[in-house]
Amino acid sequence: MVFAAAFGLLFGVRSIQQTRRTGDVGWRFPSPGADRTQWIARLFMGFGGLTGGIAAPAAALMGMPSVTFMDHTWLRITGLVLAAVAAAAAFAAQQSMGASWRIGVDDTEHTALVTTGQFAYVRNPIFTAMFALMTNLALATPNIVAYIGLASVIAGIELQVRKVEEPHLLNTHPDTYRDYAQQAGRFLPGIGRLSR
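Just so you know, these numbers come straight off a predicted model, no measurement behind them.

### A short note on the packing of aromatic side chains
For step 1, the next point in the chain: Taken as a whole and judged by the stated rule, the model has seven aromatic pairs.
For step 2, the next point in the chain: Aromatic ring contacts, followed pair by pair, group Phe3, Phe7, Phe11, Trp27, Phe29 and Trp39 into a single cluster.

### A few points about the pattern of salt bridges
For step 1, the next point in the chain: The final tally for this structure, using the stated rule, is seven salt bridges.
For step 2, the next point in the chain: Here aspartate 71 and arginine 76 are joined by a salt bridge, their closest N and O atoms 2.9 Å apart.
For step 3, the next point in the chain: With a relative accessible area of 39%, aspartate 71 lands in the partly exposed category.
For step 4, the next point in the chain: As a salt-bridge pair, arginine 102 and glutamate 109 come within 3.1 Å of each other at their nearest N and O atoms.
For step 5, the next point in the chain: Using a relative accessible area of 21% as the deciding quantity, one classes arginine 102 as partly exposed.

### So, the side chain of glutamine 38
For step 1, the next point in the chain: Secondary-structure assignment places glutamine 38 in helix α2 (residues 37-61).
For step 2, the next point in the chain: Looking at glutamine 38, the relative accessible area reads 7%, which means it is buried.
For step 3, the next point in the chain: The residues touching glutamine 38, leaving out its near neighbours within four places in the chain, are Arg28, Pro30, Gly104, Val105, Gln160 and Val164.

### Regarding the packing of helix α5 (residues 144-172) against helix α6 (residues 174-181)
For step 1, the next point in the chain: α6 packs onto α5 with a crossing angle of 125° between their chain directions and a minimal axis gap of 5 Å. Taken as axis vectors, α5 and α6 run oblique relative to one another. Where α5 approaches α6, its residues Glu166, Leu169, Leu170, Asn171 and Thr172 are matched on the opposing element by Pro174, Tyr177 and Arg178.
For step 2, the next point in the chain: The class makeup of the residues in the contact of α5 with α6 is four nonpolar, two polar and two charged.

### Thoughts on the nonpolar core
For step 1, the next point in the chain: In terms of nonpolar packing, the biggest core is built from 35 residues, with Ile126, Phe127, Leu133, Met134, Leu137, Ile157 and Phe187 touching the most fellow members.
For step 2, the next point in the chain: Broken down by secondary-structure element, the contributors of at least two residues to this core are α1 (2-22), α2, α3 (73-97), α4 (125-140), α5 and α6.
For step 3, the next point in the chain: When residues in this core are grouped by element, the largest group, eight residues, is from α4.
For step 4, the next point in the chain: Excluding anything up to four places from it in sequence, leucine 133 contacts Ala6, Ala83, Ala86 and Ala87.

### With respect to the environment of threonine 22
For step 1, the next point in the chain: Inspection of the secondary structure puts threonine 22 in helix α1.
For step 2, the next point in the chain: On the accessibility criterion, threonine 22 (37% relative accessible area) is partly exposed.
For step 3, the next point in the chain: Separated by 100 residues in sequence, threonine 22 and valine 122 have C-alpha atoms that sit 25 Å apart.
For step 4, the next point in the chain: Separated by 3.1 Å, the side chain of threonine 22 and the backbone oxygen of aspartate 24 make a polar contact.

Quick notes on the rules
- Residues numbered from 1 in each chain as written.
- Predicted model: local features only at pLDDT ≥ 70, side-chain atom pairs only at ≥ 80, totals over all residues.
- Heavy atoms only, no water.
- Phe/Tyr/Trp six-rings, centres within 6.5 Å; stacked < 30°, edge-to-face > 60°.
- Salt bridge = Lys/Arg side-chain N within 4 Å of Asp/Glu carboxyl O.
- Buried < 20%, exposed > 50% of the residue type's maximum accessible area, 1.4 Å probe, protein only.
- Helix = DSSP H or I, 4+ residues; strand = E, 2+ residues; numbered from the N terminus.
- Contact = heavy atoms within 4.5 Å.
- Axes fitted to C-alpha atoms, helices over the stretch in contact; angles between N-to-C directions.
- Parallel < 35°, antiparallel > 145°, perpendicular 65-115°, else oblique.
- Nonpolar A, V, L, I, M, F, W, Y, C, P; charged D, E, K, R; others polar.
- Core = buried A, V, L, I, M, F, W, Y, C linked by side-chain atoms within 4.5 Å.
- Polar contact = N/O pair within 3.5 Å; in protein donor to acceptor, adjacent residues only side chain to side chain.

See below:
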């Protein structure tokens, strides 16, 4: 339920808002001949999301055992609550991007660089919240399928940010983005800042 609500909020509601605001849904797909990195990152994230958010709870319902040392009711409840908080945080960060919000990268596009709100401290607060969302879903359904999903999401986000989005932003806003990235952390404040 939490995953379905988060998915609907972060991808459905936000896309509808973007369309109403700009006339454009905000989804960007790489061309077939483009570098495959963005496709690979999306595959990892999509596989991880479906695995951790749908397959893991389904496996638990069918009797898959939990990882013993993580199998505590208080951890499951905490995971569900914090997953809902993380989804809300991701949506708030999406809202902060305004018209610059996109899913994916189009190298021909030059959207405004957002450096205020959560972005003043962390360059990727949406992905930070998605890390938290999937981590807490793994607490709520602590089986091996959930951990495979979490690992896949982490790999996909790291690949998307480091190999797709940061090079795009350095190319689109070279001096501005480098100055900004020297101050704001990649996923957490102060951590992952670009060197001078």
